[in-house]
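The lines below spell out each chain.
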Amino acid sequence: MKGIGRFAKNIFNSIADAGENFIDDTLRRGTPLQRMENLCRDIVSHKGVASGMALAREVVNHYRELDTNEKLDFFHWLADDFGPNIEAAEKSAKDFLENPGEQAIKNLRKITKSRRYELFNRMNMAPDGTEAVVELRKDLLQYIKKKPALGVIDTDLKELLKGWFNPGFLELRRIDWETEASILEKIIRYETVHNIANWHDLKMRLVENRRCFAFFHPALEDEPLIFVEVALTRGIAASMDIVFEEREMEPDRFNTAIFYSINNCQQGLAGIPLGNFLIKRVVAEIEQEIPSIRKFSSLSPVTGFSKWLISQTKQKKPDLPELDKMMLMLLNKKDWHTDTRAISKLKKPLMQACAHYLVREKERERPINGVARFHFGNGAELYRINWMGNTTPHGLQDSFGIMVNYRYDPKDIESNHEKYIGEGKLAISKS
């Protein structure tokens, strides 16, 4: 794969080099933004292959040379002046109403595509065009937070990227200690759920009772898209202490695989569904490698639970277990989780509140907790809520130390997924 990717890029560069002679020098005149606009207009109307590749490379290089303010101006231009042709779309819609049929639908579909969509599609002709478009979306997402009008650009980008990063194009690789150092460095850098302190820490996550799998795309050489870390255990682990403890055991003694960390590596692919396919592929890989493993479960954080609960408590919501002032004072106490008195007062109301948060607090008929949405959407079952599952400072601050098991039963994954997508129904264990 690595050699094929470099070989293809070399061919694309050779073709683009040949097409340089056909690029009009007037396109490169003016301010950086004017040059960018000129190149974009030209590339969407261009037909030649070699010159098209040369233009795509030129667009990519010019975009990367823009500074922060120039990129923002460029995005505004794309949103305002590079959308679909409204007048032509109105005419095409009128034609369809007067003469409905397959050809009319085809014409309407073509006309309603924005020029932005075609621009990004043609940028992909550059030797590293896919990488450049993912980078561009990463930049765009940072601006959208304050400039929501730019969201129309992201609509085009998401549609394209969902096609480009279709699961059929992705390669699943197991990451182990023999993997290239450049990739291992990226695994360390991209790990955000349970930070990897150093190389030794990474090595301990790649020993015999651990697994790490990542998705790669042919166009993004040596760049993991998303990866999952797995612990092989006996029984469904309730805490990170169990996951990280050293265990010398023959592989066939394990009966459970715990997904304890899932990390999206490319910010420009946020919202592109990769994780659900990754989990299902990894389940199949482990089932084949170690037949004794029949249970699959996550050990997941309850991200944002503490912040949510404190805000709800201040509003005195009647359907939540009451956390009185004394309980809030106990939670503010340093090392409260080692105080038996504090634990006896806090455990029950915090566990009840967490169950309520995961199951009943919804937005658009889906759980407000992003991790819960991810696992329910993948077909998992909310299996168990674990007290003191993560007593690191981050775990205590984020969710009062509570963690959750989402169980993946291979025979129920698809039916759970369909019920969630079709009916909004959550798979919840009786336990």
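See the structure above.
Residues numbered from 1 in each chain as written. Predicted model: local features only at pLDDT ≥ 70, side-chain atom pairs only at ≥ 80, totals over all residues. Heavy atoms only, no water.

## Structural notes on the overall build of the chain
In plain terms, the rule: For the purposes of this entry, the term helix denotes a DSSP run of H or I that reaches at least four residues, the term strand denotes a run of E that reaches at least two, and both are numbered from the N terminus. Contacts: residue pairs with any heavy atoms within 4.5 Å of one another. For the accessible areas, the method is Shrake-Rupley and the probe is 1.4 Å, while residue cover comes only from the protein chains on display. Under this rule, positive means Lys or Arg and negative means Asp or Glu; His and the chain ends count for nothing. Charge placement uses NZ in Lys and CZ in Arg. For Asp and Glu, CG and CD serve respectively.
Along the backbone of the chain there are 19 helices and 10 strands. Along the longest, intermediate and shortest principal axes, the C-alpha atoms of the chain span 75 × 50 × 45 Å. Taking as baseline every contact in the chain between residues at least 6 positions apart, the subset at least 24 positions apart corresponds to 71%. Roughly 22,300 Å² of accessible area belongs to the chain as shown, and the carbon and sulfur atoms make up 51% of that amount. Here the chain holds 64 positive side-chain charges and 62 negative ones, and the gap between their average locations is 6 Å.

## Observations regarding the pairing of strand E3 (residues 226-233)
We apply this condition: Burial here depends on accessible area, computed with a 1.4 Å probe over protein chains only, as a share of the maximum for the residue type. Under 20% is buried, over 50% is exposed, and the range in between is partly exposed. When DSSP finds two or more bridges between a pair of strands, those strands are recorded as paired.
Of all 8 residues in E3, 8 are buried, a share of seventy percent or more. Residues of E3 alternate between two faces, with Ile-226, Val-228, Val-230 and Leu-232 on one and Phe-227, Glu-229, Ala-231 and Thr-233 on the opposite face, all of them buried. In this sheet, E3 lies alongside strand E2 (residues 210-216) in antiparallel orientation, the contact comprising 6 bridges. If you follow Cys-212 over to E3, its bridge partner there is Glu-229. Strand direction decides the pairing type here: E3 and strand E4 (residues 256-264), joined by 8 bridges, are antiparallel. Within E4, the position partnered with Ile-226 by the bridge is Asn-264.

## Let's talk about helix H9 (residues 151-164)
Definition in use: Helix span is expected to be 1.5 Å times the residue number reduced by one. What the arc describes is the spread of directions from the helix axis to the C-beta atoms.
With 14 residues, H9 extends 20 Å from end C-alpha to end C-alpha; this agrees with the ideal 20 Å at 1.5 Å per step. Within the sequence span of H9, burial applies to Ile-153, Asp-154, Asp-156, Leu-157, Leu-160, Leu-161 and Trp-164. Along the long axis of H9, the arc covered by the buried residues comes to 160 degrees, so they all point the same way. The inward-facing, buried residues of H9 abut helix H4 (68-81), helix H7 (115-123) and helix H8 (129-144).

## Comments concerning the layout of surface pockets
Short version of the rule: Two kinds of site are reported from a 1 Å grid over the protein atoms alone, namely cavities, where a 1.4 Å probe fits but cannot get out, and pockets, open sets with protein on both sides within 12 Å along at least five of seven lines, and residues are called lining when an atom falls within 4 Å of a point. Grid points are joined across faces, edges and corners, and a volume is the space filled by probe spheres set on the points. Here the term charged refers only to Asp, Glu, Lys and Arg, the term nonpolar to Ala, Val, Leu, Ile, Met, Phe, Trp, Tyr, Cys and Pro, and the term polar to all other amino acids, Gly among them.
The volume enclosed by the largest pocket comes to roughly 1,200 Å³. Lining the largest pocket are 43 residues, and of these Ile-262, Asn-264, Gly-370, Val-371 and Phe-374 lie nearest its centre. Counting residues per element, the ones that place at least two in the lining of the largest pocket are E4, helix H13 (275-289), strand E6 (300-301), helix H17 (370-378), helix H18 (393-399) and helix H19 (413-423). In terms of residue count, H17 provides more of the lining of the largest pocket than any other element does, 7 residues in total. Its residues assigned to classes, the lining of the largest pocket shows 19 nonpolar, 21 polar and 3 charged. Listed by contribution, the elements that provide at least two residues to the lining of the second largest pocket are helix H6 (102-112) and H7. The dominant element in the lining of the second largest pocket, judged by the number of residues it contributes, is H7, at 4 residues. Classifying every residue of the lining of the second largest pocket gives 4 nonpolar, 3 polar and 6 charged.

## Quick notes on the packing of aromatic side chains
For the record, the criterion: Classification of ring pairs uses Phe, Tyr and Trp, with its six-membered ring standing for Trp, and accepts pairs whose centres are within 6.5 Å; under 30 degrees between planes counts as stacked, over 60 as edge-to-face, and the remaining range as tilted. Definition used: whenever NZ (Lys) or CZ (Arg) falls within 6 Å of the ring centre and also within 35 degrees of the ring normal, the charge is taken to sit over that ring.
Applying the stated criterion across every chain, the model contains 16 aromatic pairs. Relative to Phe-74, the ring of Tyr-63 has its centre 6.1 Å away and its plane inclined at 55 degrees; by these criteria the two rings are tilted. In this pair, Tyr-63 is assigned in helix H3 (residues 49-65) and Phe-74 in helix H4, connecting sequence segments 11 residues apart. Assessed through its relative accessible area of 3%, Tyr-63 is described here as buried. You can call Phe-74 buried: its relative accessible area is 1%. Between the aromatic rings of Phe-74 and Phe-75, the centroid separation amounts to 6.0 Å while the plane-to-plane angle is 40 degrees, which identifies the pairing as tilted. These aromatic residues form a ring-pair network of at least three members: Tyr-63, Phe-74, Phe-75, Trp-77, Phe-82 and Tyr-143. The ring centre of Phe-216 lies 3.7 Å from the NZ or CZ of Arg-173, which sits over that ring. Sitting above the plane of the Tyr-420 ring, Arg-366 keeps its charged end 4.5 Å from the centroid.

## Looking at the environment of Asp-73
Considering the arrangement of structural elements, one finds Asp-73 in helix H4. Taking relative accessible area as the criterion, Asp-73 reaches 41% and is therefore assigned partly exposed. Spatially, the C-alpha atoms of Asp-73 and Leu-33 are 7.7 Å apart, while their sequence positions differ by 40 residues.

## Examining the nonpolar core
In summary, soluble globular proteins display a tendency toward joint burial of nonpolar side chains. What counts is decided by this rule: Take the buried residues of types Ala, Val, Leu, Ile, Met, Phe, Trp, Tyr and Cys, join any two whose side-chain atoms come within 4.5 Å, and each joined set is a nonpolar core.
Among the nonpolar cores identified, the biggest contains 95 residues, and Phe-74, Phe-75, Leu-119, Phe-165, Phe-305 and Leu-358 are the most heavily contacted of them. By residue number, the principal contributor to this core is helix H16 (residues 340-359), which donates 8 residues. Contact partners of Leu-119, with chain neighbours within four places excluded, come to Cys-40, Ile-43, Val-44, Phe-74, Leu-78 and Phe-82.

## Things to note about the environment of Ile-175
Its place among the elements puts Ile-175 in the loop between strand E1 (171-174) and helix H10 (181-190). Along the primary structure Ile-175 and Cys-212 are separated by 37 residues, whereas in three dimensions their C-alpha atoms are 5.2 Å apart. Here Ile-175 is in contact with Ile-183, Leu-184, Ile-187, Leu-206, Cys-212, Ala-214 and Phe-216, once residues within four sequence places are set aside.

## Let's talk about the pattern of salt bridges
To keep things clear, this is the line we draw: By definition here, a salt bridge exists when the distance from a side-chain nitrogen of Lys or Arg to a carboxyl oxygen of Asp or Glu is within 4 Å.
A full pass over the atoms with the stated rule returns 21 salt bridges. Lys-333 is paired through a salt bridge with Asp-339; the nearest N and O atoms lie 2.7 Å apart. Counted as one network, the salt bridges with shared partners bring together Glu-191, Asp-201, Arg-205 and Glu-229.

## What to know about the side chain of Gln-266
Under the convention used in this document: As used in this structure description, the phrase polar contact means that two N or O atoms lie within 3.5 Å; if the pair is within protein, one of them must be able to donate a hydrogen and the other to accept it, and residues adjacent in sequence are counted only when both atoms belong to side chains.
One can find Gln-266 in the loop between E4 and H13. A relative accessible area of 15% places Gln-266 in the buried class. Reaching out from Gln-266, the side chain makes a polar contact with the backbone oxygen of Pro-224 at a distance of 3.1 Å. With near-sequence residues (within four places) excluded, Gln-266 lies in contact with Val-134, Tyr-190, Glu-223, Pro-224 and Leu-225.

Note that every value here comes from positions in space, so none of it alone points to a role or purpose.
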